[in-house]
Amino acid sequence: MSYFPKWVDLNIFHKIQDFTEIFIPVVGFIANVAMFVVFFEKNLRKQTFSIYFQAMAISGLFMNIYLFLQPNVREFPKQIHKSIVFCKLIPFLIYFATTIFAWFQVAASIDRLIL
């Protein structure tokens, strides 16, 4: 039993989801690479806060790579899924990247406040 009327095409929701699963990580990847390049320029490289933004860009790259690969994780060979290291390392790295991303923002804000 469906909660939607018969005239609602649920296929469009799946198409939107398929599009956003690719579009958002790709745009995020491009934005993080651009942020890293901009803060690596000579005049911004001398600023102390640029280190935080460069590290934040690298952390964001890891998150975007995971978001891009996450729908395809089911496709990995079963031997990798059985690996204890792989099963524990990937969730840890994603949790670490998302947590450290927020703390880099805090550190950059504190750095700008003090200096």
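Residues numbered from 1 in each chain as written. Predicted model: local features only at pLDDT ≥ 70, side-chain atom pairs only at ≥ 80, totals over all residues. Heavy atoms only, no water.

Enquirer: Please explain the packing of helix 3 (residues 49–69) against helix 5 (residues 84–114) as it appears in this structure.
Expert: Any two packed helices are characterised by how steeply their axes cross, that is the angle between the axes, and by the distance between the axes. At a minimum axis distance of 9 Å, the contact between helix 3 and helix 5 shows a crossing angle of 155°. In terms of orientation, helix 3 and helix 5 fall into the roughly antiparallel class. Along this stretch, helix 3 crosses helix 5, giving a crossing that reads as left-handed. Facing Phe49, Tyr52, Phe53, Ala55, Met56, Ser59, Gly60, Phe62, Met63 and Tyr66 of helix 3, the residues of helix 5 in contact are Ile90, Ile94, Ala97, Thr98, Ile100, Phe101, Phe104, Gln105, Ala107, Ala108, Asp111 and Arg112. Looking at side-chain class alone, the contact of helix 3 with helix 5 contains 16 nonpolar, four polar and two charged residues. (Axes fitted to C-alpha atoms, helices over the stretch in contact; angles between N-to-C directions. Helix = DSSP H or I, 4+ residues; strand = E, 2+ residues; numbered from the N terminus. Parallel < 35°, antiparallel > 145°, perpendicular 65-115°, else oblique. Left-handed = near helix turned anticlockwise from the far one by under 90°. Contact = heavy atoms within 4.5 Å. Nonpolar A, V, L, I, M, F, W, Y, C, P; charged D, E, K, R; others polar.)

Enquirer: When you look at the packing of aromatic side chains in this model, what are you seeing that I'm missing?
Expert: Here a ring pair, both rings aromatic, is described through the centre-centre distance and the interplanar angle of the planes. Counting across every chain of the model gives six aromatic pairs. Their ring planes at 15° and their centres at 5.8 Å tell us that Phe36 and Phe40 sit as a pair that is stacked. A relative accessible area of 28% means that Phe36 is categorised as partly exposed. With 5.9 Å between their ring centres and 90° between their planes, Phe49 and Phe53 make a pair best called edge-to-face. Here Phe49 and its partner Phe53 are both found in helix 3, four residues apart, which amounts to about one turn of the helix. Note on Phe49: relative accessible area 13%, which makes it buried. Exposure remark for Phe53: the relative accessible area of 21% places this residue in the partly exposed category. Following the ring pairs from residue to residue traces out a cluster consisting of Phe39, Phe49 and Phe53. Above the face of the Phe40 ring, Arg45 is positioned so that its terminal group lies 4.8 Å from the ring centre. (Phe/Tyr/Trp six-rings, centres within 6.5 Å; stacked < 30°, edge-to-face > 60°. Buried < 20%, exposed > 50% of the residue type's maximum accessible area, 1.4 Å probe, protein only. Lys NZ or Arg CZ within 6 Å of the ring centre and 35° of its normal.)

Enquirer: Could you clarify how one ought to interpret helix 1 (residues 11–38) in this entry?
Expert: Each α-helix turn comprises 3.6 residues. Residues three or four places apart therefore point the same way. With 28 residues, helix 1 should cover 40 Å at 1.5 Å per step; its first-to-last C-alpha distance of 41 Å lies within 8% of that length. Every buried residue of helix 1 is accounted for by Pro25, Gly28 and Asn32. (Expected span 1.5 Å × (residues − 1).)

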